[in-house]
Amino acid sequence: MTTRRQDCEALDRGDPLGGMRTRFHLPADLIYLDGNSLGPLPLAVLQRLEDVSRRQWGEDLIKSWNTHDWIGLPQSVGEKIAPLVGAAPGQVICTDSTSINLFKLVVTALKLNSGRRVVLSQADNFPTDLYIVQGLTDLLGAERCELRVVEESAVAQALDDSVALLLLTEVNFRTGARHDMASLTAAAHRAGALVLWDLSHSAGAVPVHLDACEVDFAVGCGYKFLNGGPGAPAYLYVASRHQEQAMQPLWGWMGHRQPFGFQGDYQAADGIGRFASGTPGILGLAALDAALDLWADVDVLQVRQKSVALGDLFHTLVGEYPALGVLRPAGPADADDRGSQIGFRHPEAYGIVQALIARGIVGDFREPDIVRFGLCPMFLRYVDVFDAVAALNEVVDRQAYLDASYRQRSRVT
Ligand SMILES: *Cc1c(COP(=O)(O)O)cnc(C)c1O
């Protein structure tokens, strides 16, 4: 071993983000490498939920829609997300789930680009992205919507004049591989296609530049790197230039120009507000709103720098243990090509993850053979990576993963 634990302690002492860890509730003796799947609880969220439930809901009741501006939360939370995805004001709204937002925006795009019917995506996109398009084919018929999937490396060549929409996730959930948003967006536009990026593994982890890349649409998730809590509301982005013509298909009263006019006919609100549908879930929005306040003191570039350093340290340490030579990297070695997670392939990946969890190190398993570790710079320390790789070495070297108790599969992996 050339890297020592004290070297990592020194890195922690010099870490400009080091103080952020105290702003989370983190269980003692746990190294949490799964903040890319469910971000941990920010202490400010606990306080906010107490206030929103006891005082705003409990005491002020229905008045709170106005006095605490509950009605404005989808847009005000959207505005807090906007700088994290490189969006000028008025283009992001926090609403519904990522899956529902995908549905709304895929339909919107097919209508805007109505001479074409193909939605192009990649074979190992996150399944919900593919399922939503498959469901639309079932609903609209193959003559109106056809899903075409190709391998990751073949996306650019597959952009032909039948493609209405390019639908991609910027950072792959399984491998952490990151697409080049600028060049793929430009290639899609040259081919006459619109683009919808899923930012679930990007926002809060890698700098995103939606406006600068001239992206048309985007969606993303509130409970991963944004720490909004389990099932937190998601967000969607529609570029200003499309908003007047763009119509989403779920015409609910909250997307109406005048919800409290209670008129019989739908008239879409101006701007991003028309992408809302029903009554927003205030408890979830308030939690995400409080979690986003962490970003007032942190720059996404700092977060990215530390994420790259944590990932490089992880790879270096794995390389220093001979027994870990059996692990094959599941994603790009070059930090520029990855998001904020790293993974390794091993035939006993499931057992390895379970054995690590038993040792207080929480990563996760992704089919078919990937041990996945999320690197969340807001609360992870360099020593955490040191200790995690030491435990990984112990599990692999001693084949601790063969223990029968680590083979039981739960519903959520
Ligand atoms: C986590 C994730 C989702 C989640 O969608 P939900 O509707 O919130 O369940 C969608 N897309 C990607 C790429 C994800 O990683």
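As the structure is a prediction and not an experimental result, all values here were calculated from the model. (Residues numbered from 1 in each chain as written. Predicted model: local features only at pLDDT ≥ 70, side-chain atom pairs only at ≥ 80, totals over all residues. Heavy atoms only, no water.)

1. As for the pairing of strand S15 (residues 370–374)
- Across the five residues of S15, five count as buried, placing the element largely inside the fold.
- Residues Ile-370, Arg-372 and Gly-374 of S15 are buried on one face, and the alternating residues Val-371 and Phe-373, pointing to the opposite face, are buried as well.
- With three bridges joining them, strand S14 (residues 364–366) and S15 adopt antiparallel strand pairing. When the bridges of S15 are listed, Asp-364 appears paired with Arg-372.
- With antiparallel pairing between neighbouring strands as the criterion, S14 and S15 make up a hairpin whose turn holds three residues. (Buried < 20%, exposed > 50% of the residue type's maximum accessible area, 1.4 Å probe, protein only. Helix = DSSP H or I, 4+ residues; strand = E, 2+ residues; numbered from the N terminus. Pairing = 2+ DSSP bridges.)

2. Examining the sheet that holds S15
- Sheet architecture is open: four strands sit in the order S11-S12-S15-S14, paired in antiparallel fashion. Two strands bound the open sheet, and with one partner strand each, they are strand S11 (328–329) and S14.
- Summarising the sheet, strand S12 (residues 341–345) and S15 pair through five bridges and their orientation is antiparallel. By the bridge assignment for S15, Gln-341 is matched with Gly-374.
- The strands touched by helix H10 (residues 300–320) within the sheet are S12 and S15, with S12 carrying the most contacts at an inclination of about 25°. (Contact = heavy atoms within 4.5 Å. Axes fitted to C-alpha atoms, helices over the stretch in contact; angles between N-to-C directions.)

3. Overview of the nonpolar core
- Core analysis: the largest hydrophobic core is formed by 98 residues, its most contacted members being Ile-81, Val-85, Phe-314 and Leu-392.
- Top contributing element to this core by residue count: helix H12 (residues 382–397), with 10 residues.
- When neighbours within four sequence positions are excluded, Val-85 is seen to be in contact with Val-92, Leu-199, Ala-203, Val-208, His-209, Leu-210 and Tyr-235. (Core = buried A, V, L, I, M, F, W, Y, C linked by side-chain atoms within 4.5 Å.)

4. Things to note about unusual backbone geometry
- At the junction of Glu-367 and Pro-368, the peptide bond is cis and its omega measures out at 0° in the coordinates.
- With respect to the secondary-structure elements, Pro-368 resides in the loop between S14 and S15.
- Of note, the phi angle at Phe-262 is positive, near 50°, even though the residue is not glycine.
- Summarising the element assignment, Phe-262 is placed in the loop between helix H8 (240–243) and helix H9 (282–292).

5. Section: the packing of helix H5 (residues 98–112) against helix H6 (residues 127–140)
- Two elements in contact, H5 and H6, have axes whose closest approach is 10 Å; the angle formed by their N-to-C orientations is 55°. Taken together, the axes of H5 and H6 are oblique relative to one another. Both H5 and H6 take part in a crossing whose hand is right-handed. Counted together, Ser-99, Leu-102, Phe-103, Val-106, Val-107 and Leu-110 of H5 and Thr-128, Asp-129, Ile-132, Val-133, Leu-136, Leu-139 and Leu-140 of H6 form the full contact between these two elements.
- When grouped by side-chain class, the residues that make up the contact of H5 with H6 number 10 nonpolar, two polar and one charged. (Parallel < 35°, antiparallel > 145°, perpendicular 65-115°, else oblique. Left-handed = near helix turned anticlockwise from the far one by under 90°. Nonpolar A, V, L, I, M, F, W, Y, C, P; charged D, E, K, R; others polar.)

6. A few points about helix H11 (residues 349–358)
- Across the 10 residues of H11, seven count as buried, placing the element largely inside the fold.
- Taken residue by residue, H11 has Ala-349, Tyr-350, Gly-351, Ile-352, Val-353, Ala-355 and Leu-356 as its buried positions.
- Phi turns positive, to about 80°, at Gly-360, one or two residues after H11.

7. Looking at the packing of aromatic side chains
- Per the stated rule, a full pass over the model turns up 12 aromatic pairs.
- Seen from their ring centres, Trp-65 and Trp-70 are 5.3 Å apart, and the 85° between their planes marks the pair as edge-to-face.
- The partly exposed category is assigned to Trp-65, whose relative accessible area is 23%.
- Taking the relative accessible area as the measure of exposure, Trp-70 reaches 8% and is therefore buried.
- Within the aromatic cluster, the residues linked to one another by ring pairs are Phe-24, Tyr-32 and Phe-379.
- Over the ring of Phe-126 we find Lys-224; its NZ or CZ atom is 5.3 Å from the centre of that ring. (Phe/Tyr/Trp six-rings, centres within 6.5 Å; stacked < 30°, edge-to-face > 60°. Lys NZ or Arg CZ within 6 Å of the ring centre and 35° of its normal.)

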